Amino acid sequence: MVRRTAASVSEWEALSSAAFVPLRVTADGAFTAHLDHRGRARAAMSSVRSGACRVLRDPTTTSAPADDLALFSFQYGGRNLVDQNDRQAVVAPGDGVLYLTRSPYELLFPGPSDLIVLQVPTDWLGMPTSALSALSARAMSTRTDVALRTASRLVRSQFGGAPLFEDEGRTLRVATELLVAALRRQSRRGAPGLSHDALYASFRRTIAENLDDPLLGVPAIADLHGVSIRTVHQIFAERGERAAALVRSLRAARARTLLRETALPVPDVAVRCGIPDPTVFARTFRREVGQSPTQFRAAQREPSRHS
């Protein structure tokens, strides 16, 4: 693991070249960047926050065979202009983009940027070089591709203090599996079936995105993923969890946040938590939290009343 802040362009060039592949970096004026690099050898995940700059992988730095890597960047803030193979992609928040270190490329960040880069040996992707080259420098939306969206949430959880998998190597392996599924769909190749870890990550994403849906439950999760109800139960049981209990817990957490941080009426909070009947919501909330929604909200405001 490497966590470093660069206070100059030259420091950032040295730091990013050590973490990824040899690069050249230029920028105008004062510059800072932060790197949180996790992994080993040639496979890693890196959280990058940087100021405006230009990053160049030129022909003089692409000769080493060990540098044959695939980089997939998930953009969370700012924009990234990626130029490779005579194509340019404009990558906005919510997008991802593939670029390959075997060929020259240019990354232009016109302003501050926040991104996570998944870095793996090209052969891990199991696709012909020609197919990968055809996909490079093309913006891919995580909003419309569920595998990419799951991979994005998964790698981001690793840097957010609440990782889905405690083991970074496991996160890297599952994120790569999901990336492969997305890339194969993009190139109109059949995607292989997902492992239980990848399905679990996708189930968790589905639950987090649909807490306001009253129909969210094991049957809906199974239907959305094209698996049996038994498989959903099995995958959660392998991790000592129950899907229904997780849904209740996450809904209660959302309800606590809304009651604490907003002035929404309790019936509106109930709707946003997927339980439109206020009576059922109050009963469920009390069972999970030990207080009624009204009591919880009043208790949260009590300290400010006496401050």
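For the structure, check the block above.
Residues numbered from 1 in each chain as written. Predicted model: local features only at pLDDT ≥ 70, side-chain atom pairs only at ≥ 80, totals over all residues. Heavy atoms only, no water.

### Looking at the overall build of the chain
Using the following cut-off: Under the DSSP-based scheme used, a helix requires at least four consecutive residues in state H or I and a strand at least two consecutive residues in state E, with every element numbered from the N terminus. Burial classification: accessible surface area is computed with a 1.4 Å probe over protein chains only, and a residue below 20% of its type maximum counts as buried, one above 50% as exposed, and the rest as partly exposed. By definition in these notes, contact holds between two residues if any of their heavy atoms fall within 4.5 Å. Think of it this way: Lys and Arg go in the positive column, Asp and Glu in the negative one, and His and the chain ends go nowhere. All charge positions are set by atom: Lys at NZ, Arg at CZ, Asp at CG, Glu at CD.
On a plain count of helices and strands, the chain comes out with eleven helices and twelve strands. Relative to its 307 residues, the chain shows a buried fraction of 48%. A separation of at least 24 residues holds for 67% of the contacts in the chain among residues at least 6 apart in sequence. Between the centroid of the 40 positive side chains of the chain and the centroid of its 30 negative side chains there is a distance of 5 Å.

### Description of the environment of S130
With respect to the element layout, S130 can be found in helix α2 (residues 129–135). According to the relative accessible area criterion, S130 is exposed, its value standing at 56%. Sequence separation between S130 and A70 is 60 residues, and the spatial gap between their C-alpha atoms is 13 Å.

### Some thoughts on the layout of surface pockets
Selection rule: Here a cavity denotes a set of grid points, spaced 1 Å apart and computed over the protein atoms alone, in which a 1.4 Å probe fits but from which it cannot get out, and a pocket denotes an open set meeting protein on both sides within 12 Å along at least five of seven lines; residues with an atom within 4 Å of a point are reported as lining. Grid points are joined across faces, edges and corners, and a volume is the space filled by probe spheres set on the points. Classes in brief: Ala, Val, Leu, Ile, Met, Phe, Trp, Tyr, Cys and Pro nonpolar; Asp, Glu, Lys and Arg charged; the others, Gly included, polar.
Of the voids in this model, the largest pocket is the one considered here, and its volume is about 350 Å³. Residue lining of the largest pocket: 14 residues in total, with R153, S157, L164, R204 and A208 positioned closest to the centre. Counting residues per element, the ones that place at least two in the lining of the largest pocket are α3 (146–159) and α5 (196–209). In terms of residue class, the lining of the largest pocket is made up of eight nonpolar, three polar and three charged. One number sums up the size of the second largest pocket: a volume of about 270 Å³. Residue lining of the second largest pocket: 18 residues in total, with V146, R185, L194, S202 and H225 positioned closest to the centre. Elements with a contribution of two residues or more to the lining of the second largest pocket: α3, α4 (168–186), α5 and α6 (218–225). Partitioned by chemical class, the residues of the lining of the second largest pocket number nine nonpolar, six polar and three charged.

### Some thoughts on α6
The line we're drawing: The directions considered for the arc run from the helix axis to the C-beta atoms.
Among all positions in α6, only V218, I221, A222 and H225 are buried. Along the axis of α6, the buried positions cluster into a sector of 100 degrees, meaning they face one direction only. Summarising the geometry of α6, the exposed residues directed more than 90 degrees from the buried face are P219, D223 and L224. Buried residues in α6 make contact with α5, α7 (229–237) and α8 (243–261). Just downstream of α6, G226 is the residue with a positive phi angle, here 65 degrees.

### Topic: the side chain of T176
By the secondary structure assignment, T176 is in helix α4. Excluding residues that lie within four positions of it along the chain, T176 makes contacts with L118, V120, W124 and L125.

### Details of the side chain of D145
Here D145 is to be found in the loop between β12 (140–141) and α3. Discounting residues that sit within four places of it in the chain, D145 has contacts with A182, R185 and Q186.

### A short note on the packing of aromatic side chains
Rules: Two rings from Phe, Tyr or Trp (for Trp, the six-membered ring) form a pair when their centres are within 6.5 Å of each other. A pair whose planes differ by under 30 degrees is stacked, one over 60 is edge-to-face, and the rest are tilted.
Inspection of every chain in the model, using the stated rule, returns seven aromatic pairs. Considering the side-chain rings of F165 and Y200, the 6.2 Å spacing of their centres and the 40 degrees angle between planes classify their relative orientation as tilted. Of this pair, F165 sits in the loop between α3 and α4 while Y200 sits in helix α5, and the two are 35 residues apart along the sequence. Given a relative accessible area of 3%, F165 falls into the buried group. Here Y200 falls in the buried class, since its relative accessible area comes to 3%. Each ring, one from F285 and one from F296, has its centre 5.6 Å from the other, and the planes form 75 degrees; the classification is edge-to-face. Of this pair, F285 sits in helix α10 (residues 278–289) while F296 sits in helix α11 (residues 293–305), and the two are eleven residues apart along the sequence. Summarising the burial analysis for this pair, F285 and F296 share the class buried.

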